[in-house]
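Understanding the architecture of this molecule
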Amino acid sequence: MTSESVQPMSGPSRRAVVAAAGAAGLTVALTACGSDDKASDPSTEQGGGATNEGGGSSAGAGAGGAALAKTADIPEGSGKIFKDEKVVVSQPAAGDYKAFSTICTHQNCPMVDLKDDIISCACHGSQFSVLDGSVKKGPAVKPLEAKKVTVNGDSITLA
Ligand code: FES
């Protein structure tokens, strides 16, 4: 049963092999037989491939430091909070990304409330623009600490 279900898949390659065998001769035909035999356990290879794929994507994320977000995740004219990193990434203009600390400059409360381009502090009500970090409402008087981000293709990395 297993070899029967495999055969339709190897059918086209066999045909290709027959065509190739005409040109390249017996060596190609032998190689094809070898790969036909292996075709009976492709599930093992696929499992390995899936694992590699997972590793590959995390390796890609780690390649340029910790990738924080995709550019598509950051709405233009607003931003997105990354709680773990205590950072908010914003896009003041198309393709222009900025990042600021989400720690309130009043008394260091972490802020998690973002509406449009304003991030608000739940402790005493300070508000800041996530587009430039400026104070929109006190009691805070100091702007948000700017963070550096690097855009690589479609991924945003915290520098
Ligand atoms: S700590 Fe944010 S307003 Fe006081």
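Residues numbered from 1 in each chain as written. Predicted model: local features only at pLDDT ≥ 70, side-chain atom pairs only at ≥ 80, totals over all residues. Heavy atoms only, no water.

In plain terms, the rule: UniProt positions are given in the numbering used here, feature names are shortened, and annotations may be inferred rather than shown by experiment.
In the nomenclature of an unreviewed UniProt entry, the protein is known as Cytochrome bc1 complex Rieske iron-sulfur subunit of Streptomyces paradoxus. Its UniProt record gives the protein a comment under Cofactor (unreviewed entry), which states: "[2Fe-2S] cluster".

**So, the pairing of strand 4 (residues 96–101)**
Along any regular strand, the residues point their side chains to alternate faces of the sheet. Rules: A pair of strands counts as paired when DSSP detects no fewer than two bridges linking them. Counting from the N terminus, the helices are the DSSP runs of H or I reaching at least four residues and the strands are the DSSP runs of E reaching at least two.
The pairing of strand 3 (residues 87–93) with strand 4 spans five bridges and is classified as antiparallel. For Val87, the partnering residue across the bridge sits in strand 4 and is Ser101. In this structure, the hairpin formed by strand 3 and strand 4 is closed by a connection of two residues, where Gly95 is found at a positive phi of approximately 80°. The sheet contact formed by strand 4 and strand 9 (residues 146–147) spans two bridges and is antiparallel. Looking at strand 9, one finds that Ala99 is bridged to Lys147.

**Quick word on the confidence of the model for the protein**
It should be kept in mind that the predicted coordinates are not to be read in detail where pLDDT is low. The cut-off we apply is this: The score called pLDDT rates the predictor's confidence residue by residue, from a low of 0 to a high of 100. Residue contacts are counted whenever heavy atoms from the two residues lie within 4.5 Å of one another.
Averaged over every residue, the pLDDT of the protein is 75; residues scoring 70 or more account for 58%. For residues 1–11, every residue scores under 50 in pLDDT, and the model assigns this stretch five contacts once sequence neighbours within four places are set aside. Contacts of residues 16–64 to residues separated by more than four positions or lying in other chains number 14 contacts, the stretch itself having pLDDT below 50.

**So, the pairing of strand 10 (residues 149–152)**
Across four bridges, strand 10 lies against strand 11 (residues 155–158) in antiparallel orientation. The residue of strand 11 that forms the bridge with Val149 is Leu158. The loop that links strand 10 with its antiparallel partner strand 11 comprises two residues; one of these, Gly153, has a positive phi angle of about 65°.

**A word on unusual backbone geometry**
Put simply, the rule is: With a 1.4 Å probe rolled over the protein chains alone, any residue whose accessible area is under 20% of its type maximum counts as buried; one over 50% counts as exposed, and the rest are partly exposed.
Pro139 follows Gly138 through a cis peptide bond whose omega is 15°. Summarising the element assignment, Pro139 is placed in the loop between strand 8 (135–137) and strand 9. Backbone geometry at Asn108 places phi at a positive 65°, although glycine is not the residue there. By secondary structure assignment, the location of Asn108 is in the loop between strand 4 and strand 5 (113–115). You can call Asn108 exposed: its relative accessible area is 56%. For Asp116, which is not glycine, the phi dihedral falls at a positive 55°. Among the structural elements, Asp116 can be located in the loop between strand 5 and strand 6 (118–120). Taking the relative accessible area as the measure of exposure, Asp116 reaches 62% and is therefore exposed.

**Here's the deal with the sheet that holds strand 11**
Quick note on the threshold: Lines fitted to C-alpha atoms define the axes, with helix axes restricted to the stretch in contact, and inter-axis angles between N-to-C directions lie between 0 and 180 degrees.
Strands sit in the order 1-11-10 across an open sheet of three strands; the sheet is antiparallel. What marks the edges here is a single partner per strand, and that holds for strand 1 (67–70) and strand 10. On average, each strand axis in the sheet is inclined to that of its neighbour by 30°, with strand direction left out of account. As defined by bridge partners, strand 1 adjoins strand 11 across three bridges and the pair is classed as antiparallel. Bridged to Ala67 within strand 11 is Thr157.

**Brief notes about the pattern of salt bridges**
Rules: By definition, a salt bridge exists where a carboxyl oxygen of Asp or Glu is found within 4 Å of a side-chain nitrogen of Lys or Arg.
This structure, assessed with the given rule, holds four salt bridges. As a salt-bridge pair, Lys98 and Asp96 come within 3.8 Å of each other at their nearest N and O atoms. For Asp96, a relative accessible area of 30% translates into the label partly exposed. Of the charged contacts, one joins Glu145 and Lys147 as a salt bridge, the two residues approaching to 3.6 Å between their closest N and O atoms. The exposure class assigned to Lys147 is partly exposed, which follows from its relative accessible area of 32%.

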